[in-house]
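The lines below spell out each chain.
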Amino acid sequence: MRIWKFGDNVDTDAIMPGRYLSIYDPHELATHAFEGIRDEFALEVKPGDIIVAGKNFGCGSSREHAPIALKGAGITIIIAESFARIFYRNAVNVGLLPVVCHEAGSIVEGNSVMVDLTGGHLIVEGKTLPVAPIPEFLMKIVTSGGLVEYALGLEEVPVCTASHR
Amino acid sequence: MGATVVEKIFSMKCHRDVNAGEVVMAPVDNAMIHDITGPLAIQKFYEMGGKRVHNPERITMLFDHQVPADSLEAAENQRYMRNFAKEQGIFNYDIREGVCHQVTMEMGKAAPGEIIIGADSHTCMYGAGGAFATGIGSTDMGFALKFGALYFRVPETIRVTANGVFKKRVGPKDLILSIAADIGADGATYQAIEFVGDTIEGMGMAGRMTCCNMAIEMGAKAGIVPPDHITWDYIRGMRNITPFPLKSDNDASFSEERMYDVTNLSPQVAEPHNVDLGVDVTKVAGKKIDQVFIGSCTNGRFEDFAEAAEVLGDRKFSDTTRVIIIPASRQEYLKTLRAGLIERFVMAGALVEAPCCGPCMGGAFGLLAPGEVSLSTSNRNFKGRQGSTEASVYLCSPATAAASGIYGEITDPREVE
Ligand code: SF4
């Protein structure tokens with residue numbers, strides 16, 4: 001397991017450049033992840049690797065190609081000090097786990113990192129770092145395996161106006 | 001405790017008091033999909049077991065990012081969406097109308113008090129029309145296509161009050177670039193930004209769209225200008241809605257309040273590679289530029305071209321700079337054409353393209369080579385956004401773009417007589 005460390009404000013153009021947006025295949029997208037930004041990523045990333053980033057990870061464009069490419073590359077967990085809103089939700093929807101840890105900055109490449117979501121913390125080199133809880137409705141999606149799986153069995157959803165009809 | 005305009009919109013939709021922080025499954029009045037995010041949304045709709053979309057009349061479909069199709073993949077994606085539209089009875093604007101956000105607004109698809117979603121981050125632009133509008137990803141869109149509703153966490157609101165009158169050659173883009181520099185790229189994450197004050201009231205729809213469009217550049221979920229007579233005048237004719245009052249209560253609670261006086265604001269330029277790196281134009285004046293782009297959903301309207309043309313006058317653009325001009329929609333194109341401005345731009349040496357996103361996101365044409373510098377009226381200057389990751393993009397207003405195009409270097413538009 002390798003830690004890929006990134007800084008603040010990693011945008012979705014950096015994760016997946018605009019010229020590849022007519023591609024949807026996760027594995028093909030993965031070959032272009034961070035192209036021109038960090039070329040060794042696509043070459044060396046292995047299933048189970050973890051991305052650790054600073055503030056506002058995934059800002060900018062709403063392109064779901066970004067989390068899909070990272071998932072296609074074998075990433076399942078991204079730990080960041082904070083996430084941009086659309087990316088956070090897209091990640092959950094495609095089954096990638098975004099973990100908010102305010103102390104993510106203290107993690108360095110080469111560290112061993114374990115995520116204990118039930119305990120609500122990370123274990124980094126034996127040390128415990130707290131993580132922010134995942135909102136309840138998102139947790140439902142995560143435990144279903146993604147939004148597609150969540151929606152699959154449903155014919156209707158309980159819209160907020162329902163009780164007034 | 002009073003309510004913010006955003007809380008009021010959700011409360012109206014849900015027929016009960018809804019407060020910031022709550023998560024609600026709210027009905028969606030309109031959902032916009034385009035050629036980049038649409039195919040995946042449709043795929044997700046099917047994967048979710050979708051057969052018929054919830055309501056075809058509440059879906060806006062068009063192609064703008066890679067048009068006319070610039071690759072086989074793009075052509076296939078567009079054909080896939082066309083077929084879906086036919087199958088589901090969705091009206092498809094196809095490649096005819098222009099950039100998604102401009103078209104959604106001018107077709108009257110976003111009215112005050114409505115909840116609008118778009119599979120594109122700059123959907124927040126429709127807040128200029130008094131709607132709550134937010135950008136989402138393709139899987140969320142697939143869900144909304146199926147159910148006609150989506151989960152929302154009702155956001156807190158940052159209220160930005162702008163007062164005063166802009167000096168000549170300074171305008172809405174300069175204001176929003178300076179606000180982005182203050183709030184920062186993530187300063188408004190998960191929140192809405194409400195724009196009020198006499199500067200905003202004095203703006204037409206075009207300027208308000210420029211401001212709301214860039215709310216996402218601060219991480220915001222939505223930007224909104226509470227509707228006034230300008231908003232209602234705009235929506236009248238397209239939609240038959242009786243105007244109603246919609247603004248934040250005096251005792252509403254805001255997560256933050258910011259005040260701006262635009263009287264002494266200078267033209268702003270955002271330096272590479274982040275939108276929140278705005279500085280006074282004087283700090284970067286003299287920087288040589290290879291390409292100028294005037295267009296995009298941020299600044300591709302008639303008002304923007306009128307401002308650029310006024311700065312240009314009878315001059316020509318520099319031989320060392322490529323100037324690309326793209327109206328954001330067919331309607332804006334026609335207005336600009338009829339006012340004689342297209343001819344003026346072409347005479348000056350600009351390349352005028354048909355309505356589309358163009359070089360804004362580096363997907364179709366107008367890409368930058370390594371080491372090249374572009375000055376753009378669009379909304380993002382991330383590394384690689386317009387081509388090579390070794391190119392640089394500066395962001396500015398149409399006036400600054402035109403002035404700089406004349407001299408081939410970043411130029412203070414106030415210095416061009
Ligand atoms: S003009 Fe640019 S920002 Fe606007 S929708 Fe097109 S690509 Fe996105």
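For the structure itself, consult the block above.
Calculation rules
Residues numbered from 1 in each chain as written. Chains lettered and ligands numbered in written order. Predicted model: local features only at pLDDT ≥ 70, side-chain atom pairs only at ≥ 80, totals over all residues. Heavy atoms only, no water. Helix = DSSP H or I, 4+ residues; strand = E, 2+ residues; numbered from the N terminus. Rg over C-alpha atoms; globule rule 2.2 N^0.38 Å. Buried < 20%, exposed > 50% of the residue type's maximum accessible area, 1.4 Å probe, protein only. Contact = heavy atoms within 4.5 Å. Phe/Tyr/Trp six-rings, centres within 6.5 Å; stacked < 30°, edge-to-face > 60°. Lys NZ or Arg CZ within 6 Å of the ring centre and 35° of its normal. 1 Å grid on protein atoms, 1.4 Å probe; cavity = no way out; pocket = protein on both sides within 12 Å on 5 of 7 lines; lining within 4 Å. Points joined across faces, edges and corners; volume = space filled by probe spheres on them. Nonpolar A, V, L, I, M, F, W, Y, C, P; charged D, E, K, R; others polar. Core = buried A, V, L, I, M, F, W, Y, C linked by side-chain atoms within 4.5 Å. Domains from an automatic or database assignment.

(A) Layout of the overall build of chain A. Helix and strand counts for chain A stand at 7 helices and 7 strands. In terms of C-alpha radius of gyration, chain A reaches 16 Å, essentially the compact-globule figure of 15 Å for 165 residues. Principal axes of the C-alpha set define a box for chain A whose edges measure 55 × 40 × 25 Å. Every one of the 165 residues in chain A was classed for burial, and the buried ones make up 58%. A separation of at least 24 residues holds for 64% of the contacts in chain A among residues at least 6 apart in sequence.

(B) Local environment of the packing of aromatic side chains. The full count for this structure, using the stated rule, is 18 aromatic pairs over all chains. Taking 6.3 Å as the distance between ring centres and 65° as the angle between the ring planes, the aromatic pair formed by Phe305 of chain B and Phe345 of chain B counts as edge-to-face. Taken as a pair, Phe305 of chain B in helix H12 (residues 302–312) and Phe345 of chain B in helix H14 (residues 341–347) lie far apart in primary sequence, 40 residues in all. In this structure, Phe305 of chain B and Phe345 of chain B share a single accessibility class: buried. Three or more aromatic residues link up through ring pairs in this structure, and these residues are Trp4, Phe6, Phe34 and Phe41 of chain A. The cationic tip of Arg2 of chain A hangs over the ring face of Trp4 of chain A; the distance from NZ or CZ to the ring centre is 3.7 Å. Above the ring of Phe6 of chain A, the side-chain terminus of Arg38 of chain A is found at 4.9 Å from the ring centroid.

(C) How the structure looks around the layout of surface pockets. Looking at the largest pocket, its volume works out to about 500 Å³. For the largest pocket, the lining is made up of 26 residues, of which Val159 of chain A together with His54, Phe147, Gly148 and Ala149 of chain B are closest to its centre. Here the lining of the largest pocket gets 4 residues from one element, more than from any other, and that element is helix H5 (residues 138–147) of chain B. Within the lining of the largest pocket, the residues separate by chemical class into 12 nonpolar, 5 polar and 9 charged. Around the second largest pocket sit 19 residues that line it, and Tyr88, Pro135 and Leu138 of chain A together with Arg153 and Tyr190 of chain B are the ones nearest its centre. Among the secondary structure elements, those contributing two or more residues to the lining of the second largest pocket are helix H5 (85–94) and helix H6 (136–144) of chain A. Of all the elements, H5 of chain A adds the most residues to the lining of the second largest pocket, at 3 residues. For the lining of the second largest pocket, the class distribution of residues is 10 nonpolar, 4 polar and 5 charged.

(D) Structural context of the nonpolar core. One finds Phe41, Ile51, Phe57, Leu70 and Ile79 of chain A together with Phe10 and Phe143 of chain B to be the most contacted residues of the largest nonpolar core, which totals 112 residues. Among the domains, domain 1 (5–260) and domain 2 (272–415) of chain B are the pair contributing at least three residues each to this core. Setting aside residues no more than four positions away along its own chain, Phe10 of chain B makes contact with Val18, Val24, Ala26, Ile115, Phe132, Phe152, Val154 and Pro155 of chain B. In this structure, Val160, Ala162, Val170 and Ile179 of chain B belong to the second largest nonpolar core, which totals 57 residues.

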